[in-house]
Amino acid sequence: MERIQGLHHITAIASDPQKNVDFYHKVLGQRLVKTTVNFDDPGTYHLYYGDKVGSPGTIMTFFPWKGMRRGKVGNGETAATGYTIPTGAVEYWRERLNHFGVLVKDDETRFGDAVLSFVDPDGMGLELIANDEKGSIDFWDNGPVPQDMALRGFHSVTLWVGTKEPTAKILTEVMGYEEVGTEGNRSRYKGASDDIGLYIDIVERPGHGQGTTGAGTVHHIAFRTVDDSEQEEYRQKIAKAGYNVTTVRDRQYFHSIYFREPNGVLFEVATDAPGFSYDEPVEELGTNLKLPDWYEPQREMIEARLPKFNIPTFEPEA
């Protein structure tokens, strides 16, 4: 059984699909690679953003419940999602975000890397972390950001917890992460590969309250496994360690299992396959409402309930 390679995707909650797609697709330059519905609640969209094909380690997904109240980030939640940018792209991104009216916080350096911190339209914490570690993405050549400045998939997530040890234990003893650094109350853990989405940062905050779910909060983070057989090995290992792990759920573009780690963060373990070209060609990704077979008989009703949004247009920068 291979150690966990890194992050597969991150799923969060939004309040308005149009604002969401405008920000991630146009401002951040992440391609809308799949427009579908929440398989557990088809009354809302499930929007997926990533590189050109939605490679594992690039995928940010949202449930945009229209009018959803804003949540509050606290212990037991993902406080920030970090993307990697090239070291030479810091000023480009500062200027780009300012151009779109996004307030960037004061300069910060973390583990030797420059960090740009800001929030999305629902107040969810985002970071652009500058380093030149190798990692592969499938560049979206029709996107609004030039290749030498584009986001290069996930760098890390930051988890807020009351006590570090229980979360660190499951990362290192069950999932194969390695602790690679500490700064103050922040500890960093690294996945097994040399690709993207490698890091989990744990920030210990004893005495702070739990968060509340709502727009601008992360629902869960997902880790990568290669295939169904490896995922089943992890399911058994997680159960043996004493966690209440679900059966396998078919998410059409990957298969998933879920469990809560001791501080309350919802973890998922997802397969890399089959991917987002499963039900539409790469050139059309995200442009059609895709439904799983079991919802197709309800398509007319589902489409009538979903709010309309437009995919923004732009001229790609040279």
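What counts and what doesn't
Residues numbered from 1 in each chain as written. Predicted model: local features only at pLDDT ≥ 70, side-chain atom pairs only at ≥ 80, totals over all residues. Heavy atoms only, no water. Helix = DSSP H or I, 4+ residues; strand = E, 2+ residues; numbered from the N terminus. Rg over C-alpha atoms; globule rule 2.2 N^0.38 Å. Buried < 20%, exposed > 50% of the residue type's maximum accessible area, 1.4 Å probe, protein only. Contact = heavy atoms within 4.5 Å. Areas by Shrake-Rupley, 256 points an atom, 1.4 Å probe, with all protein chains shown as cover. Lys, Arg positive; Asp, Glu negative; His and termini not counted. Charge placed at Lys NZ, Arg CZ, Asp CG, Glu CD. Pairing = 2+ DSSP bridges. Axes fitted to C-alpha atoms, helices over the stretch in contact; angles between N-to-C directions. Polar contact = N/O pair within 3.5 Å; in protein donor to acceptor, adjacent residues only side chain to side chain. Salt bridge = Lys/Arg side-chain N within 4 Å of Asp/Glu carboxyl O. Phe/Tyr/Trp six-rings, centres within 6.5 Å; stacked < 30°, edge-to-face > 60°. Lys NZ or Arg CZ within 6 Å of the ring centre and 35° of its normal.

Undergrad: Can you explain the overall build of the chain? Please cite residues and give values.
TA: Helix and strand counts for the chain stand at 5 helices and 16 strands. Its C-alpha atoms give the chain a radius of gyration of 19 Å, within 12% of the compact-globule value 20 Å for 318 residues. By the burial criterion, 57% of the 318 residues in the chain qualify as buried. Restricting to contacts in the chain with at least 6 residues of sequence separation, those with at least 24 account for 70%. Carbon and sulfur atoms form 47% of the exposed surface of the chain, whose accessible area is close to 13,400 Å². Across the chain, 33 positive and 49 negative side-chain charges occur, with their mean positions spaced 5 Å apart.

Undergrad: Residues and numbers for the sheet that holds strand E6 (residues 108-110), please.
TA: Across the sheet, which stays open at both edges, the 8 strands sit in the order E6-E7-E8-E5-E9-E12-E11-E10 with mixed pairing between neighbours. Looking at strand neighbours, the two that pair on one side only are E6 and strand E10 (178-183), the edges of this open sheet. Put simply, the sheet's adjacent strands are angled 30 degrees from each other on average, direction ignored. As paired elements, strand E5 (residues 77-85) and strand E9 (residues 154-161) share 6 bridges and run antiparallel to each other. Paired with Glu77 across the bridge in E9 is Trp160. Lying on the sheet, helix H2 (residues 90-99) is in contact with E5, strand E7 (113-119) and strand E8 (125-130); it crosses E7 at an angle near 10 degrees.

Undergrad: Before we move on, could you go through the side chain of Glu280 and cite the residues and values that matter?
TA: Its location among the elements puts Glu280 in the loop between strand E16 (266-271) and helix H5 (299-305). Engagement of the side chain of Glu280 in a polar contact is seen with the side chain of Lys34, the distance being 2.9 Å. A polar atom in the side chain of Glu280 sits 3.2 Å from the backbone nitrogen of Gly286. For Glu280, the residues in contact, after removing those within four places along its chain, are Val33, Lys34, Leu285, Gly286, Thr287, Asn288 and Lys290.

Undergrad: Quick one: what's the story with the pattern of salt bridges, residue by residue and with numbers?
TA: As enumerated under the stated definition, the model contains 17 salt bridges in all. Arg110 is paired through a salt bridge with Glu127; the nearest N and O atoms lie 2.9 Å apart. Here Arg110, found in strand E6, pairs with Glu127, found in strand E8; they are 17 residues apart in sequence, far enough to count as distant. Each member of the pair, Arg110 as well as Glu127, carries the same accessibility label: buried. Taken together, the salt bridges that share partners define one network made up of Lys34, Asp279 and Glu280.

Undergrad: Please give an account of the packing of aromatic side chains that cites residues and values.
TA: One pass over the full model with this rule turns up 20 aromatic pairs. When the ring of Phe23 is compared with that of Tyr24, the centres are 5.1 Å apart and the planes differ by 75 degrees; the resulting orientation is edge-to-face. Owing to a relative accessible area of 6%, Phe23 belongs among the buried residues under this scheme. Here the aromatic cluster, defined as three or more aromatic residues joined through ring pairs, consists of Tyr48, Tyr253, Phe254, Phe276 and Tyr278. When the ring centre of Trp160 is taken as reference, the NZ or CZ atom of Arg205 above it lies at 3.8 Å.

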